[in-house]
Amino acid sequence: MTLSFNRRGNPERILEAERDGAKELGIRGLTSLGYPNINWGGGPFVSLESPGFQNVSFRAGNGWGILDSVSFSRGKHFLKAGVDFRHNQQNRRQTPSSSFNFSARGTAIPNEAFSANQTGYAFASYLLGIVDSASLSDPAGLGGRRNYMALHFHDDYKVTSNLTLNLGLRWENQPPVYEVKDRLSSWNPSKIDPESGLPGAYDFAGTCKECTGSRSFGRRSLKDFGPRIGFAWRLKKAWTLRGAYGIMYEGDSPNGYNAVPLGKATSVAWGGTYLLASDPVRPWAGIFNWDNGFPTDRFQPAGYDVSWGNRQRPGMIDANYGQTPYIQNFTLNLQRGLGKYVLDLGYVGNKSTRLRFGELQRINQLPPPSFPNTAPGSTTKSAMPPKPPPMASATPPRVRRYRRLRAPPLSPTPGQSNRSSLWSSPRLLQLSRPAGRLEPGVRQRPHPLLELRLFQADD
């Protein structure tokens with residue numbers, strides 16, 4: 001039996017943490033550890049570097065596990081069985097950080113098509129103190145948790161003196177990530193928002209009155225079975241045929257350095273929010289002026305606000321998160337002994353399914369069936385999507401573009417596709433052909449036909 005434990009502590013503290021950067025910049029009503037980030041580089045025409053950075057935080061990653069196996073032989077069988085359990089923690093504690101964005105439209109001609117593109121200058125808006133948008137975090141200490149469990153059984157069966165079978169099966173279970181005190185939330189594109197009456201509102205993990213009753217989002221897969229099959233057959237003296245096939249599952253993504261997948265966007269009910277987005281009606285006027293100090297009245301206390309995404313950028317955990325990516329490996333080798341050398345003619349390949357692409361899925365993109373009987377580049381009237389009805393409310397319509405974390409999102413999270421697959425093989429001497437029809441957005445490698453190797457046999 002093997003017991004394991006590992007801890008990694010990562011304190012982060014910038015050199016200017018002892019300085020109150022906000023006070024030195026003359027921003028009344030705000031204190032800061034270090035200098036706030038100031039983005040004045042939007043031009044136009046001439047871009048500038050953005051000074052300021054704040055980071056005083058501590059990350060701690062803990063992991064422990066139990067690994068045990070037992071082996072025994074019975075007649076022609078050599079049997080092995082075991083269990084593998086792992087628990088991983090990702091904890092992070094931060095201090096508040098702030099940033100201020102200055103746009104060229106603060107000094108441009110209002111309501112003109114070329115405003116901020118041809119007129120105005122972001123640095124000039126900074127000199128006048130016209131803040132276009134800003135942010136001030138109110139972080140809460142969070143702790144992400146992940147569990148992994150696997151059971152496996154293997155049998156080396158010597159059927160005859162010249163034939164051996166390797167038979168095995170591994171079952172893996174990787175439940176979705178959860179937060180230690182259920183401080184996890186996810187934007188639901190199907191839930192009706194009570195403020196607007198439109199689809200799109202937040203769900204909250206846990207057992208509270210407003211919560212879903214579950215500690216996590218996504219789905220839990222209990223069908224991750226990975227068979228392992230192999231054989232070695234001595235056809236005749238100096239000739240051997242070997243083959244193998246197996247399915248291997250990919251581990252869950254660790255969210256980088258965050259305890260929860262998308263930071264504040266997936267833990268909106270814990271830690272308050274400052275409403276400092278750009279003014280949608282009079283953007284050239286800015287949201288406040290530095291000379292008047294920081295607007296502390298824009299603070300919104302923490303709470304189970306299902307409409308949080310109306311005023312901030314929402315984030316969601318993919319409903320398919322929990323479907324585990326997997327890879328199928330297969331080989332077939334014919335070997336011939338040539339004195340001190342072995343001639344090996346082999347077929348080697350693998351097929352991958354639901355792999356993460358490292359990007360977010362474009363769930364707002366219209367599928368191809370939305371444009372029937374239309375050639376590329378055509379603008380046939382019947383193929384165009386219907387024009388939406390006019391808005392009856394004077395409230396500016398919300399743009400329903402949101403980030404979606406690919407599974408195992410969170411997302412990652414964050415991406416992965418349920419229809420995608422990849423073929424790959426070692427880059428050895430080989431003949432190859434295309435693996436078949438390419439699916440949109442899927443990268444494929446050649447499907448190997450033959451691999452010819454010559455190597456020296458062991459003495």
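Residues numbered from 1 in each chain as written. Predicted model: local features only at pLDDT ≥ 70, side-chain atom pairs only at ≥ 80, totals over all residues. Heavy atoms only, no water.

J.: I keep staring at the pattern of salt bridges and nothing clicks. Help me out?
T.: Pairing between side chains becomes possible if they bear opposite charge and their charged atoms approach one another. Applying the stated criterion across every chain yields a total of 13 salt bridges. Among the ionic pairs, Arg 59 bridges to Glu 12, the shortest N-O distance being 2.7 Å. A residue pair is termed long-range when its members are at least 10 positions apart, and Arg 59 in strand 3 (residues 56–74) and Glu 12 in strand 1 (residues 2–13) qualify at 47 residues. Close ionic contact of Glu 172 with Arg 170 constitutes a salt bridge, the shortest N to O distance being 3.2 Å. Here the two residues Glu 172 and Arg 170 agree in accessibility, since each one is buried. Overlapping salt bridges, with partners in common, bring together Asp 84, Arg 86, Arg 170 and Glu 172 in one network. (Salt bridge = Lys/Arg side-chain N within 4 Å of Asp/Glu carboxyl O. Helix = DSSP H or I, 4+ residues; strand = E, 2+ residues; numbered from the N terminus. Buried < 20%, exposed > 50% of the residue type's maximum accessible area, 1.4 Å probe, protein only.)

J.: Would you mind going over a nonpolar patch on the surface with me for this structure?
T.: Together, Met 1, Leu 3, Phe 5, Trp 64 and Ile 66 give the surface a local cluster of nonpolar side chains, amounting to about 590 Å² of exposed area. Elements represented by at least two residues in the nonpolar patch include exactly strand 1 and strand 3. Position of Phe 5 relative to the elements: it lies in strand 1. With a relative accessible area of 60%, Phe 5 lands in the exposed category. (Patch = residues over 30% accessible without salt bridge, like charges linked within 9 Å, V, L, I, M, F, W, Y side chains within 5 Å. Areas by Shrake-Rupley, 256 points an atom, 1.4 Å probe, with all protein chains shown as cover.)

J.: Explain the sheet that holds strand 7 (residues 133–136) here, please?
T.: Across a sheet, strands are paired by hydrogen bonds formed along the backbone, either parallel or antiparallel in direction. What the three strands build is an open sheet, ordered 2-5-7; its pairing is mixed. Taken across any chain shown, the strands that pair with only one partner, and hence form the sheet edges, are strand 2 (37–39) and strand 7. This sheet shows a mean twist of 5° between the axes of neighbouring strands, independent of strand direction. Note: strand 2 against strand 5 (residues 98–101), three bridges, orientation parallel. From the neighbouring strand, Ile 38 faces strand 5, where its bridge partner is Phe 100. (Pairing = 2+ DSSP bridges. Axes fitted to C-alpha atoms, helices over the stretch in contact; angles between N-to-C directions.)

J.: Got a minute to help me understand the packing of aromatic side chains in this structure?
T.: Two aromatic rings, taken as a pair, are described by how far apart their centres are and by the angle between their planes. With the rule as written, the count across this model stands at 20 aromatic pairs. Residues Phe 102 and Trp 290 carry aromatic rings whose centres are separated by 5.4 Å and whose planes lie at 90° to one another, so their mutual orientation is edge-to-face. Taken as a pair, Phe 102 in the loop between strand 5 and helix 2 (122–127) and Trp 290 in the loop between strand 16 (288–289) and strand 17 (299–300) lie far apart in primary sequence, 188 residues in all. On the basis of relative accessibility, which here comes to 9%, the residue Trp 290 falls in the buried class. Ring plane angle 70° and centroid distance 5.6 Å describe the contact between Tyr 274 and Phe 294, whose orientation is recorded as edge-to-face. With Tyr 274 in strand 15 (residues 273–274) and Phe 294 in the loop between strand 16 and strand 17, this pair connects stretches of sequence that are 20 residues apart. For the pair formed by Tyr 274 and Phe 294, the shared burial category is buried. Connected via pairs of aromatic rings, a cluster forms that spans Trp 40, Phe 100, Phe 102, Phe 123, Tyr 126, Tyr 274, Phe 288, Trp 290, Phe 294 and Phe 299. (Phe/Tyr/Trp six-rings, centres within 6.5 Å; stacked < 30°, edge-to-face > 60°.)

J.: Sorry if this is basic, but what is going on with the state of the cysteines here?
T.: Among covalent bonds in proteins, the disulfide is the one between the sulfur atoms of two cysteines. Overall, the coordinates contain one disulfide when judged by the stated rule. Linked covalently through their sulfurs, Cys 208 and Cys 211 form a disulfide whose S-S length is 1.9 Å. Between Cys 208 and Cys 211, the S-S torsion sits near 85°, and that sign places the bridge as right-handed. The buried category is assigned to Cys 211, whose relative accessible area is 15%. (Disulfide = S-S within 2.5 Å.)

J.: Is there a simple way to think about unusual backbone geometry in this case?
T.: Backbone geometry follows two general trends: most residues other than glycine have a negative phi, and most peptide bonds adopt the trans configuration. Residue Pro 44 follows Gly 43 across a cis peptide bond; omega there is 10°. Looking at the secondary structure, you find Pro 44 in the loop between strand 2 and strand 3. The backbone phi angle of Arg 354 is positive, close to 60°, even though this residue is not glycine. Structurally, Arg 354 can be placed in the loop between strand 20 (341–353) and strand 21 (403–405). Residue Arg 354 is classed as buried on the basis of its relative accessible area, which comes to 16%.

J.: Help me out: how do you make sense of the environment of Ala 104 in this one?
T.: By the element assignment, Ala 104 lies in the loop between strand 5 and helix 2. A relative accessible area of 4% means that Ala 104 is categorised as buried. Along the primary structure Ala 104 and Gly 42 are separated by 62 residues, whereas in three dimensions their C-alpha atoms are 6.8 Å apart. With near-sequence residues (within four places) excluded, Ala 104 lies in contact with Gly 43, Pro 44, Ala 116, Thr 119, Gly 120, Tyr 121, Ala 122 and Ser 125. (Contact = heavy atoms within 4.5 Å.)

J.: What is the right way to look at the pairing of strand 8 (residues 142–160) in this model?
T.: When a strand is regular, its side chains alternate between the sheet's two faces. Examined bridge by bridge, strand 4 (residues 77–94) and strand 8 share 16 bridges and lie antiparallel to one another. Counted as the bridge partner of Asn 91 is Gly 143 from strand 8. Sheet topology note: the strand 8/strand 10 (residues 178–179) ladder contains two bridges and is antiparallel. Looking across to strand 10, one finds that Arg 145 is bridged to Tyr 178. In the sheet, strand 8 pairs with strand 9 (residues 163–173) via 11 bridges, with the strands oriented antiparallel. Of the residues in strand 9, the one forming a bridge with His 154 is Gly 168. Counting the residues in the hairpin turn of strand 8 and strand 9 gives two residues.

J.: Looking at this structure, I do not really get the confidence of the model for the chain. What am I missing?
T.: The predicted coordinates of low-pLDDT regions are not to be read in fine detail. Mean pLDDT over the chain works out to 80, with 78% of the residues at or above the 70 mark. This stretch, residues 380–451, has a pLDDT under 50; its non-local contacts, to residues over four places away or in other chains, come to 187 contacts. (pLDDT = per-residue confidence, 0-100.)

J.: What exactly am I supposed to notice about the nonpolar core here?
T.: The tendency in soluble globular proteins is for nonpolar side chains to be buried side by side. Counting residues in hydrophobic clusters, the biggest one holds 17 residues, and the most contacted among them are Phe 100, Val 131, Phe 288, Trp 290 and Phe 294. Setting aside residues no more than four positions away along its own chain, Phe 288 makes contact with Phe 100, Gly 129, Ile 130, Val 131, Ala 134, Gly 293, Phe 294 and Pro 295. Counting residues in hydrophobic clusters, the runner-up holds 10 residues, among them Trp 187, Ala 265, Trp 308 and Met 316. (Core = buried A, V, L, I, M, F, W, Y, C linked by side-chain atoms within 4.5 Å.)

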